[in-house]
Amino acid sequence: MSVAIVIPARYGSQRLQGKPMLNIAGVSLLERVWRIARAAKGASRVVIATEDERVAAFARGFGAEAVMTSESCRNGTERVAEAIEAAGIVEEGVINFQGDAVLTPPWILEEMIAAFSSPVSFDIVTPAVRLTDDMLAELRAHKEKAPSSGTTVTFDLNHNALYFSKQIIPFIRKPGFTSVHRHIGLYGYTQPGLKRYVALPPSPLENTEGLEQLRALENGMTVRVVVVDYRGRTHASVDTPEDIAVVEQLIAREGELVSA
């Protein structure tokens, strides 16, 4: 199955105006994410979708394909859906690769792309990381300070999602049977799956937990979970001005994911 990657890049971020064009260790955030997408094997096309001509012009300046979408898109998923028509994307699968996911290794995207070739069908594919005991202890400690941070996911024996939660699930009464998996907020859709999803209204559990993927589960859609390994790299994104320094420190320590 052919797969395209769409990068939603909104200029009008509430916390960081002009966020896609911010400089991260000498390279803009948007170009970094675009380079990662381009490095992912198996993607036949990479498109940047924005609501602002300044971002589109900036993206084209470093060689990216960019299309305009409306300002009314409420989230990146809706922007990806618009981009399919605006860019004439014919690939059967499309990955929503957020424009601030600047430290996502390309092999994470490759695992998602590979899932589209599975003989078992699904509507949505999303990655998760198995937590070691130390990682789980760190998540629990962090949640004492920020309860809504970090999302976990449980899935069935076919790796189809059962539930996503801001709580740590499953509760481990007897260890040794399964692990806790932390969800990584990237999504790939089949074209019919994306069209169905964006046509659905927000659902009760989605509104309760603040997790848009629960809309899919509440409406009987199949969400495939691929378990990925960051191979020692640190997961991080840029949401606030303070995040820029953190990401730059990680790049200095761990090296660049993708060369120019």
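Use the structure listed above.
Everything numeric in this text was worked out from a predicted model, so none of it was measured. (Residues numbered from 1 in each chain as written. Predicted model: local features only at pLDDT ≥ 70, side-chain atom pairs only at ≥ 80, totals over all residues. Heavy atoms only, no water.)

## Looking at the pattern of salt bridges
- Taken as a whole and judged by the stated rule, the model has 10 salt bridges.
- Arg 54 is paired through a salt bridge with Asp 52; the nearest N and O atoms lie 2.8 Å apart.
- Taken together, the shared-partner salt bridges connect Lys 19, Asp 100 and Asp 239 into one network. (Salt bridge = Lys/Arg side-chain N within 4 Å of Asp/Glu carboxyl O.)

## Side note on the nonpolar core
- Within the largest apolar cluster, 49 residues are counted, with the highest numbers of intra-cluster contacts made by Ile 5, Ile 7, Ile 48, Ile 95, Phe 97 and Leu 109.
- Secondary-structure elements contributing two or more residues to this core are strand S1 (3-8), helix H1 (29-39), strand S4 (43-50), helix H2 (53-61), helix H4 (106-115), strand S7 (124-130), strand S12 (223-228) and helix H9 (241-254).
- In this structure Ile 95 touches Val 3, Ala 4, Ile 5, Val 6, Leu 109, Met 112, Ile 113, Phe 116, Tyr 187 and Gly 188, once residues within four positions along its chain are discounted.
- Core analysis: the next-biggest nonpolar cluster, separate from the first, contains 29 residues, Ala 4, Val 67, Val 153 and Leu 194 among them. (Core = buried A, V, L, I, M, F, W, Y, C linked by side-chain atoms within 4.5 Å. Buried < 20%, exposed > 50% of the residue type's maximum accessible area, 1.4 Å probe, protein only. Helix = DSSP H or I, 4+ residues; strand = E, 2+ residues; numbered from the N terminus. Contact = heavy atoms within 4.5 Å.)

## Here we look at the environment of Ile 48
- Following the sequence through the fold, Ile 48 ends up in strand S4.
- In the structure, Ile 48 is positioned 21 residues away from Thr 69 in sequence and 10.0 Å away in space, judged by C-alpha atoms.

## Observations concerning the side chain of Gln 191
- Tracing the chain through its elements places Gln 191 in helix H6 (residues 191-199).
- Residue class for Gln 191 comes out buried when judged on its relative accessible area of 13%.
- Among the polar contacts listed, one links the side chain of Gln 191 to the backbone oxygen of Ile 89, at a separation of 3.1 Å. (Polar contact = N/O pair within 3.5 Å; in protein donor to acceptor, adjacent residues only side chain to side chain.)

## A few points about H6
- Among all positions of H6, only Gln 191, Gly 193, Leu 194 and Tyr 197 are buried. Seen from one end, H6 has its buried residues packed into an arc of 155°, which puts them on one side. Residues of H6 that are exposed and point more than 90 degrees away from the buried face comprise Pro 192, Lys 195 and Ala 199.
- Looking at the buried positions of H6, the neighbouring elements they touch are helix H3 (76-87), strand S6 (93-96), strand S11 (187-190), helix H7 (204-209) and helix H8 (213-218).
- Between the side-chain oxygen of the N-cap and the backbone nitrogen of Gly 193 there are 3.0 Å, and the N-cap of H6 in question is Thr 190. (Arc of directions from axis to C-beta.)

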